[in-house]
Amino acid sequence: MWNYDVDAFDPPAPVVDAKLMFVDAPAVAMRMQIDPGADLSCIPKRIIPSSGKLQYGRSLVAGYDGNVVLRKTCYVGVHIDNHTFDDVEALPIDGNIGLIGRDVLNLLVVTLDGPGLRLFIEGT
């Protein structure tokens with residue numbers, strides 16, 4: 001069980017502590033928001049290693065305004081609780097918090113309890 005973050009978000013948001021794993025670089029522990037509205041998971045640009053054997057890709061991404069652009073992505077391992085996902089295509093974003101999108105959420109059973117400010121995650 002995870003608690004919503006009532007301090008950093010208004011209204012409160014579901015968050016988890018995750019570990020992001022890069023090839024030939026130390027893992028990075030960080031808080032990530034659960035975002036079922038995001039197609040792809042997103043990670044802050046500042047945590048992406050500048051060296052190493054990071055794999056990059058490209059994906060068409062639609063923003064809030066509906067404009068579709070081709071954006072550079074990177075592949076990372078994501079570890080949440082007892083669940084590890086290899087080669088997650090993540091979109092680098094500005095900011096300090098990452099987003100867990102449907103690319104990962106669709107591999108789990110996720111229950112959001114808004115009134116109780118709790119989040120439950122189970123593997124499938």
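Treat the numbers as computed from the prediction; the structure is a model and nothing was measured. (Residues numbered from 1 in each chain as written. Predicted model: local features only at pLDDT ≥ 70, side-chain atom pairs only at ≥ 80, totals over all residues. Heavy atoms only, no water.)

## Observations regarding unusual backbone geometry
Rules: Per the convention used, a helix needs a DSSP run of H or I reaching at least four residues, while a strand needs a run of E reaching at least two, with both numbered from the N terminus. Residue burial is assigned from relative accessible area. The probe radius is 1.4 Å, only protein chains are included, and a residue is buried under 20% of its type maximum, exposed over 50%, and partly exposed in between.
In this chain, D10 is followed by P11 through a cis amide linkage whose omega measures 5°. Here P11 lies in the loop between β1 (2–5) and β2 (13–22). At D24, a residue that is not glycine, the phi angle is positive and equals roughly 60°. Mapped onto the elements, D24 comes out in the loop between β2 and β3 (25–34). Note on D24: relative accessible area 55%, which makes it exposed. One non-glycine residue, L117, adopts positive backbone phi at about 55°. With respect to the element layout, L117 can be found in the loop between β9 (108–113) and β10 (118–123).

## Thoughts on the nonpolar core
Condition: Here, nonpolar core means buried Ala, Val, Leu, Ile, Met, Phe, Trp, Tyr and Cys residues that are tied together by side-chain atoms lying within 4.5 Å of each other. Whether two residues touch is decided by their heavy atoms; if any such pair falls within 4.5 Å, the residues are in contact.
Residues V16, L20, I43, V76, I80 and I100 are the most contacted members of the largest nonpolar core, which totals 26 residues. When contributions to this core are tallied by element, the ones reaching two or more residues are β1, β2, β3, β6 (68–80), β7 (83–93), α1 (102–105) and β10. In contact with V76, not counting residues within four places along its chain, are M21, F22, I43, F85, D86, D87, V88 and A90.

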